[in-house]
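# Descriptive structure summary
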Amino acid sequence: MEIKTYNSVKDFIKSIDDEIARLRTALGKYLRDMDDIRSKAERLKRLEETLKKIGGEKPSIIETRELKLGPLSVVINPTPLQELSALEDIVKDVQDRLTILENIRKSLEPLEALEDVEAKVEVYLKDNMPKKVFIRLE
């Protein structure tokens, strides 16, 4: 958790809008990346099937190895399917975060009336998501 301080309600709302825009941009990029990787995965699958028909067994074109380093997973020479799976997890997370922020933004609409009021805003964040807001009128 962390605390961020803003000089006004307007600044806080702008930070939410900026984060929503950033997440939408990232989501678009990740979805395009998924399409590219999905295409690679399909081509690799067709190649493996063709080589299997020729050679009688599924070939191992590139050796993939996954290592566990504590909570971290390190994949050497990832297959397109491994990349696609990881990217799908990221897309789901970004979509979830975006939905939460959009809901938060909608619930902040009544506070827009305070945009011209001088007030410090302290936001308590967990995983970079607002959890509690303190408005200190000056």
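Residues numbered from 1 in each chain as written. Predicted model: local features only at pLDDT ≥ 70, side-chain atom pairs only at ≥ 80, totals over all residues. Heavy atoms only, no water.

## As for the overall build of the protein chain
Secondary structure assignment for the protein chain yields two helices and five strands. Secondary structure elements in the protein chain, listed N-terminal to C-terminal, are β-α-β-β-α-β-β. A compact globule built from 138 residues should have a C-alpha radius of gyration of about 14 Å, whereas the protein chain, at 23 Å, is more than 25% larger. Considering only C-alpha atoms, the protein chain reaches an extent of 75 × 30 × 15 Å along its principal axes. (Helix = DSSP H or I, 4+ residues; strand = E, 2+ residues; numbered from the N terminus. Rg over C-alpha atoms; globule rule 2.2 N^0.38 Å.)

## Thoughts on the environment of Leu67
Note on placement: Leu67 falls in strand 2 (residues 65–69). Of the residues examined, Leu67 reaches a relative accessible area of 30% and is grouped as partly exposed. For the pair Leu67 and Leu81, spaced 14 residues apart in sequence, the C-alpha separation works out to 17 Å. (Buried < 20%, exposed > 50% of the residue type's maximum accessible area, 1.4 Å probe, protein only.)

## Thoughts on the pairing of strand 2
The element strand 2 is barely covered by neighbouring structure, given that only zero of its five residues are classed as buried. As judged from the five bridges shared by strand 2 and strand 3 (residues 72–76), these two strands associate in the antiparallel manner. The residue bridging Glu66 from the neighbouring strand is Val75, located in strand 3. Counted between consecutive antiparallel strands, the loop separating strand 2 from strand 3 contains two residues, among which Gly70 sits at a positive phi close to 65 degrees. (Pairing = 2+ DSSP bridges.)

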